[in-house]
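Remarks on the overall topology
What follows is the residue order along each chain.
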Amino acid sequence: MSFSEIIKQVVRGTDGAIGALVIGRDGIPVQEYLLDNEFDIQSMTVEYSALFKEIEKGSQASQMGYTKEVTVITERAMTMLRKLNDDYFFVLVLKPEGNFGKGRFLLRMSVPKLLKEF
């Protein structure tokens, strides 16, 4: 299964999904599937990937281990970033009323599939 098929499967399987992306550490999308262009998702992922790096530093400094996932919930969206490896993240963006639990589950379950594509 290709990157695009895996990403589409996660978005289509999650009620309220806006889109999903595989991004590099710099936040630039490698692959994306968006149902809605309501947000500037590329700018958001650049900022959130920087935030993820800072959270990861804090986790390691406090000897909690590596950060696997970060979720940011705002008034207009829920954004989950899941680390794939040292260079890439998988990002899922949902509407506030979206199915957070299902999205998080599908995000986590898709990581091994995406890693096979690298």
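Let me begin by describing the structure that accompanies this report. (Residues numbered from 1 in each chain as written. Predicted model: local features only at pLDDT ≥ 70, side-chain atom pairs only at ≥ 80, totals over all residues. Heavy atoms only, no water.)

**Here's the deal with helix H1 (residues 3-12)**
Structural remark: α-helix, 3.6 residues per turn; residues separated by three or four positions point the same way. We count it as follows: For every residue, the accessible area obtained with a 1.4 Å probe (protein chains only) is divided by the maximum for its type, and the residue is called buried under 20%, exposed over 50%, and partly exposed between those limits. Secondary structure follows DSSP: runs of H or I at least 4 residues long count as helices, runs of E at least 2 residues long count as strands, and numbering of each begins at the N terminus. The arc in question is the one traced by the directions running from the helix axis out to the C-beta atoms. Note on contacts: a residue pair is in contact if any heavy atoms of the two residues lie within 4.5 Å.
Residues Phe3, Ile6, Ile7, Val10 and Val11 constitute the buried set of H1. All buried residues of H1 fall inside an arc of 135 degrees around its axis, so they share one side. Of the surrounding elements, those touching the buried residues of H1 are strand S1 (17-24), strand S2 (29-34), strand S5 (88-94) and helix H3 (100-116).

**As for the sheet that holds S5**
To keep things clear, this is the line we draw: One requirement defines pairing of two strands: DSSP has to find at least two bridges between them. Under this scheme, a helix contributes an axis fitted over its contacting stretch, all axes are lines through C-alpha atoms, and angles between N-to-C directions fall in the 0 to 180 degree range.
Strands sit in the order S2-S1-S5-S4-S3 across an open sheet of five strands; the sheet is antiparallel. The sheet is open, and its two borders are formed by S2 and strand S3 (69-73), each paired with just one other strand. Averaged over all pairs of adjacent strands, the angle between strand axes in this sheet comes to 10 degrees, irrespective of strand direction. Pairing of S1 with S5, which is carried by seven bridges, proceeds in the antiparallel orientation. Bridging across to S5, Ala17 finds its partner in Leu94.

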